[in-house]
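This is what each chain is made of:
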Amino acid sequence: MNIHSAPTKTEANAVPPSRHSQQRLVATDKRDAIMAAALALFVERGFYGTAVPEIAERAAVGAGTIYRYFESKEALVNELYRREKQRFVAHVMLDFPGGPARELFRSMWMKMAKFAGENVESFVFLELHHHARYLDTESRKLEQRMLDTFSMITVSAQQRGELRAGPPRLLMGIVLGAFIGVIRCCLENEQDVTTADWKLAEQCAWEAIRA
């Protein structure tokens, strides 16, 4: 339809978005922009090296706008942490397979690799930054629930004789340390995370913890 033609019946009857819905859309856009800017800056400069005005500038909003959505920088980083942690866990646990520990491990490792490759900033923020000083109660509980879930999976595999005996958190730390090592190697060599030899790394990590 060109600008001189009459509107169709459907177009004439179309209901424009209400002012209230438009306001919600704008609010969501600004909030998302703030969180995206905060994620990028926390990765670049760390939590303590990032000031609220810098987040506002990166998000293209006024500094005061940030406080309409978040009470403080601590509240912002905790909400960001919970959002990204939940995304990570949901991705790793999606279609979680049953069966031998070997298959569970391979599935989890490759899903972690896929998430890290597609969400480098998120993974760096979650795993390469020390959060302990500013995590609030809700964030700590989320982290503990995640650790408890993976600990139970580890203990079950140990009881079946598929994994080495030892503290579950230690075995988990060995695996995560190896995984983070691959990410660090990629970042330090300016290599795309998706091009790392994840299959070789997975095999090496499995050999470290299998019975």
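Sequence order as written defines residue numbering, which begins from 1 separately in each chain. Side-chain atom pairs in this predicted model are given and counted only at pLDDT of 80 or more, local residue features only at pLDDT of at least 70, and totals for whole chains, interfaces and linings cover all residues. Remark: hydrogens and water are excluded; side-chain values derive from all non-hydrogen atoms of the structure.

Enquirer: In this structure, what is going on with the overall build of the protein chain? I would like to understand it.
Expert: A run of DSSP states H or I qualifies as a helix once it reaches four residues; a run of E qualifies as a strand once it reaches two. Both are numbered from the N-terminal end. Each helix and strand in the protein chain was counted, giving ten helices and zero strands. Order of helices (α) and strands (β) in the protein chain, N terminus to C terminus: α-α-α-α-α-α-α-α-α-α. Whether a residue is buried, partly exposed or exposed follows from its accessible area with a 1.4 Å probe, protein chains only, as a fraction of its type maximum: under 20%, in between, or over 50%, in that order. Taking all 211 residues of the protein chain together, the buried fraction comes to 38%. Counting only contacts in the protein chain whose residues sit at least 6 apart along the sequence, the fraction spanning at least 24 positions is 67%. For the protein chain, the exposed area adds up to about 12,500 Å²; of that, 56% sits on carbon and sulfur atoms. Contact definition: two residues touch when any of their heavy atoms are within 4.5 Å. Note on areas: Shrake-Rupley, 1.4 Å probe, and residue coverage restricted to the protein chains presented here.

Enquirer: Please clarify how helix α6 (residues 101-118) should be interpreted in this entry.
Expert: Along an α-helix, residues three or four apart share an orientation, since each turn contains 3.6 residues. Expected helix span is computed as 1.5 Å times (number of residues minus one). Spanning 18 residues, α6 covers 26 Å between terminal C-alpha atoms, matching the ideal 26 Å at 1.5 Å per step. Within α6, 13 of the 18 residues are buried, which leaves the element mostly enclosed by the surrounding structure.

Enquirer: Any chance you could explain the layout of surface pockets here in plain terms?
Expert: The method is simple in principle: a probe with the dimensions of a water molecule rolls over the atoms, and the space it marks as empty is what remains. Points on a 1 Å grid, built from protein atoms alone, make a cavity when a 1.4 Å probe fits but cannot get out and make a pocket when they are open with protein on both sides within 12 Å along at least 5 of 7 lines; residues with an atom within 4 Å of a point are the lining residues. Grid points are joined across faces, edges and corners, and a volume is the space filled by probe spheres set on the points. A volume near 630 Å³ is recorded for the largest pocket. Considering the residues around the largest pocket, the lining is formed by 27 residues, among which Met108, Phe150, Met172, Val175 and Leu176 are closest to the centre. For the lining of the largest pocket, the elements supplying multiple residues, two or more each, are α5 (73-93), α6, α8 (137-159), α9 (168-188) and α10 (198-209). Among the elements that take part in the lining of the largest pocket, α8 stands out by supplying seven residues, more than any other. The wall of the second largest pocket is formed by Tyr81, Leu126, Glu127, His129, His130, His131, Ala132, Leu135, Arg140 and Glu143. Within the residue set of the lining of the second largest pocket, elements represented by two or more residues are α7 (120-127) and α8. When its residues are assigned to classes, the lining of the second largest pocket shows four nonpolar, three polar and three charged. The classification used treats Ala, Val, Leu, Ile, Met, Phe, Trp, Tyr, Cys and Pro as nonpolar, Asp, Glu, Lys and Arg as charged, and all other residues, Gly among them, as polar.

Enquirer: Which parts of the structure should I look at to understand the nonpolar core?
Expert: Soluble globular proteins tend to pack their nonpolar side chains together in the buried interior. As used in this record, nonpolar core signifies buried Ala, Val, Leu, Ile, Met, Phe, Trp, Tyr and Cys residues forming a set joined through side-chain atoms within 4.5 Å. Judged by nonpolar contacts, the single largest core of 54 residues is most densely connected at Ile55, Phe179 and Trp198. Listed by contribution, the elements that provide at least two residues to this core are α2 (19-45), α3 (52-59), α5, α6, α7, α8, α9 and α10. If near-sequence neighbours (up to four positions away) are discounted, Trp198 is found in contact with Trp109, Met110, Ala113, Phe179, Val182, Ile183 and Val193.

Enquirer: In this structure, what is going on with the packing of aromatic side chains? I would like to understand it.
Expert: To describe a pair of aromatic rings, one takes the distance between the centres and the angle between the planes. Stacked, tilted and edge-to-face pairs are distinguished by plane angle, under 30 degrees for stacked and over 60 for edge-to-face with tilted covering the rest, among Phe, Tyr and Trp rings (Trp via its six-membered ring) whose centres lie within 6.5 Å. For the structure on display, the rule yields 13 aromatic pairs. Centre to centre, the rings of Phe42 and Phe125 are 6.3 Å apart; their planes meet at 20°, and the pair counts as stacked. On the criterion of sequence distance, the pair formed by Phe42 in helix α2 and Phe125 in helix α7 is long-range, its members being 83 residues apart. The pair Phe42 / Phe125 is uniform in exposure class, with both members buried. Within the aromatic cluster, the residues linked to one another by ring pairs are Phe88, Phe105, Trp109, Phe115, Phe123, Phe179, Trp198 and Trp206. Ring-over charges, as used throughout, are those where CZ of Arg or NZ of Lys falls within 6 Å of the ring centre and within 35 degrees of the ring normal. Cation over ring: Lys73 sits above Phe47, and NZ or CZ is 4.4 Å from the ring centre.

Enquirer: Is there a simple way to explain the side chain of Lys85 in this structure?
Expert: With respect to the helices and strands, Lys85 occurs in helix α5. Judged by its relative accessible area of 2%, Lys85 is buried. Contact partners of Lys85, with chain neighbours within four places excluded, come to Leu126, Glu127, Leu142, Glu143 and Met146.

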